[in-house]
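Here is how the chains run, residue by residue.
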Amino acid sequence: EVQLVESGGGLVQPGRSLKLSCVASGFTFSNYGMNWIRQAPGKGLEWVAYISSGSSYIYYAETVKGRFTISRDNAKNTLYLQMTSLRSEDTALYYCARLEPRYWYFDFWGPGTMVTVSS
Amino acid sequence: DIQMTQSPASLSASLEEIVTITCQASQDIGNWLAWYQQKPGKSPQLLIYGATSLADGVPSRFSGSRSGTQYSLKISRLQVEDIGIYYCQQASSAPWTFGGGTKLELK
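Since the structure is predicted, the reported quantities are computational estimates derived from the model, not experimental observations. (Residues numbered from 1 in each chain as written. Chains lettered and ligands numbered in written order. Predicted model: local features only at pLDDT ≥ 70, side-chain atom pairs only at ≥ 80, totals over all residues. Heavy atoms only, no water.)

**Things to note about the side chain of A:N35**
Selection criterion: The secondary structure listing takes helices from DSSP runs of H or I that are at least 4 residues long and strands from runs of E that are at least 2 residues long, numbered from the N terminus. Here a polar contact means two N or O atoms within 3.5 Å. Within protein one must be a hydrogen donor candidate and the other an acceptor candidate, and residues neighboring in sequence count only if both atoms are side-chain atoms. Two residues qualify as a contact provided that any one of their heavy atoms is within 4.5 Å of a heavy atom in the partner residue.
Note on placement: A:N35 falls in strand 4 (residues 34-39). Side chain to side chain, A:N35 and A:W47 meet in a polar contact 3.0 Å long. If sequence neighbours within four positions are ignored, A:N35 has contacts with A:W47, A:A49, A:Y50, A:L79, A:Y95, A:C96, A:A97, A:R98, A:L99, A:F106 and B:W96.

**Details of the sheet that holds strand 7 (residues 68-73) of chain A**
The pairing of strands in a sheet happens through backbone hydrogen bonds and is either parallel or antiparallel. Residue and element names in this part refer to chain A. The line we're drawing: By the convention used here, strands pair only if DSSP detects at least 2 bridges between them. Every axis corresponds to a line fitted to the C-alpha atoms, with the helix fit spanning only the stretch in contact, and the corresponding angles, defined between N-to-C directions, vary from 0 to 180 degrees.
Taken in spatial order, the four strands line up as 1-3-8-7 in an open sheet, and their pairing is antiparallel. Across the chains shown, the open sheet's two edge strands, defined by having one partner strand only, are strand 1 (3-7) and strand 7. The mean angle between the axes of side-by-side strands here comes to 15 degrees, regardless of whether they run parallel or antiparallel. Here strand 7 runs beside strand 8 (residues 78-83); their pairing, made up of six bridges, is antiparallel. Opposite R72, over in strand 8, you have L79 as the bridge partner.

**Some details on the packing of aromatic side chains**
The test is simple: Pairs were defined over the aromatic rings of Phe, Tyr and Trp, the Trp ring being its six-membered one, requiring ring centres within 6.5 Å. Orientation was assigned from the angle between planes: stacked under 30 degrees, edge-to-face over 60, tilted for the rest. Buried, partly exposed and exposed residues are distinguished by accessible area as a fraction of the type maximum, computed with a 1.4 Å probe on protein chains only: under 20%, between the cut-offs, and over 50%, respectively. Charge-over-ring contacts are defined here by two conditions on Lys NZ or Arg CZ: a distance within 6 Å of the ring centre and an angle within 35 degrees of the ring normal.
Applying the stated criterion across every chain, the model contains 19 aromatic pairs over all chains. Here the aromatic rings of A:Y95 and A:W109 are separated by 5.6 Å at their centres, their planes lie at 80 degrees, and the arrangement is edge-to-face. One end of the pair, A:Y95, is in strand 9 (residues 92-99); the other, A:W109, is in strand 10 (residues 106-109), with 14 residues separating them in the sequence. When sorted by exposure, A:Y95 lands in the same class as A:W109, which is buried. On the numbers, 6.4 Å between centres and 35 degrees between planes, the contact of B:F62 with B:Y86 is tilted. Here B:F62, found in strand 7 (residues 62-67), pairs with B:Y86, found in strand 9 (residues 84-90); they are 24 residues apart in sequence, far enough to count as distant. Clustering of aromatic rings is evident, with ring pairs tying together A:W47, A:Y50, A:Y59, A:Y95, A:W104, A:F106, A:W109, B:Y36, B:W96 and B:F98. The cationic tip of A:K19 hangs over the ring face of A:Y80; the distance from NZ or CZ to the ring centre is 4.6 Å. Over the ring of A:F29 we find A:R72, and its NZ or CZ is 4.2 Å from the ring centre.

**Here's the deal with the sheet that holds strand 3 (residues 19-25) of chain B**
Residue and element names in this part refer to chain B. Reading across from one edge, 1-3-8-7 is the order of the four strands in this open sheet, with antiparallel pairing throughout. Lying at the two open borders of the sheet, with one neighbouring strand each, are strand 1 (4-7) and strand 7. When strand polarity is set aside, the average angle formed by the axes of neighbouring strands in this sheet is 20 degrees. One ladder, built from six bridges, connects strand 7 with strand 8 (residues 70-75); its direction is antiparallel. When the sheet's bridge partners are listed, G64 is paired in strand 8 with L73.

**Observations concerning the state of the cysteines**
Working definition: the covalent bond between the sulfur atoms of two cysteines is a disulfide. Residues and elements named next belong to chain A. Quick note on the threshold: For this text, the term disulfide refers to a pair of cysteine sulfurs within 2.5 Å.
Scanning the model with the defined rule gives two disulfides over all chains in all. A sulfur-sulfur distance of 2.1 Å marks the disulfide that ties C22 to C96. Between C22 and C96 the sulfur-sulfur dihedral comes to about -65 degrees; the bridge is accordingly left-handed. With a gap of 74 residues between them, C22 in strand 3 (residues 18-25) and C96 in strand 9 connect regions that are remote in the sequence. Residue C22 shares its accessibility class with C96, and that shared class is buried.

**Details of the side chain of B:D82**
Residues and elements named next belong to chain B. Secondary-structure assignment places D82 in the loop between strand 8 and strand 9. A polar side-chain atom of D82 sits 2.7 Å from a polar atom in the side chain of R61. Ignoring any residue separated from it by four or fewer positions in sequence, one finds D82 in contact with Q37, R61, F62, I75, R77 and L104.

**What to know about the layout of surface pockets**
Note the threshold: Site definitions follow a grid-based scheme: protein atoms alone, a 1 Å grid, a 1.4 Å probe that fits but cannot get out for cavities, and for pockets an open set with protein on both sides within 12 Å along at least five of seven lines, plus lining residues having an atom within 4 Å of a point. Grid points are joined across faces, edges and corners, and a volume is the space filled by probe spheres set on the points. Nonpolar residues are Ala, Val, Leu, Ile, Met, Phe, Trp, Tyr, Cys and Pro. Charged residues are Asp, Glu, Lys and Arg, and all others, Gly as well, are polar.
Of the volumes computed, that of the largest pocket is approximately 730 Å³. Lining the largest pocket are 27 residues, and of these A:D107, A:F108, B:P44, B:Q45 and B:L46 lie nearest its centre. Counting only elements with at least two residues in the lining of the largest pocket, the list comes to strand 1 and strand 10 of chain A together with strand 5 (45-49) of chain B. The element that contributes the greatest number of residues to the lining of the largest pocket is strand 5 of chain B, accounting for four residues. Split by residue class, the lining of the largest pocket holds 14 nonpolar, seven polar and six charged. Approximately 380 Å³ is the volume attributed to the second largest pocket. For the lining of the second largest pocket, the elements supplying multiple residues, two or more each, are strand 9 of chain A together with strand 9 and strand 11 (102-106) of chain B. Take the lining of the second largest pocket: its biggest share by element is four residues, from strand 11 of chain B. For the lining of the second largest pocket, the class distribution of residues is 11 nonpolar, nine polar and five charged.

Function cannot be read off these values alone, since they describe shape.
And the structure:
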């Protein structure tokens, strides 16, 4: 059974940093591109970042480019999101999601970890 | 970036009614479109991919169609368990973008 479990969320002050993790199980993690997708309270879905299976290709949404860094450790089956210079508008539930490689949809999602940016 | 305009934003329908939700892409995305359902307090779940293909385990009352750059999700006979928020997503190119969502409620 595919499982994705995020952690690392919490309350952080504006301008500070936070690092999220997503541990994967139930599939060969190193074969799949992975993503972070976020959802602000009561709002819709916003794709944040993508990393290819071997970390060769990395893409970011314009809203986080230069502040967030996606990375992965295939030996640990873990995806990361390093977030710096956090803003109030980064407050959201952050999901880790697997990218299906043929049709480029998000086929499995974790339950999410909540990030609240507030003073 | 490709914009996905989803309508309606909210919809109230009766049990067994036919429900249709649409998404308009700002440019040609071919069949690179997926639909998701999100129930309250849960993560989104895939319903349709490739514009018309039903994901594993999804009831056959759900179907997807395409006409040019307009995409539709149809629920043929609304059930209680179909209540939630529905999103489309273009899978043509990064940045992958979602429609604004359609909140489906029971009348």
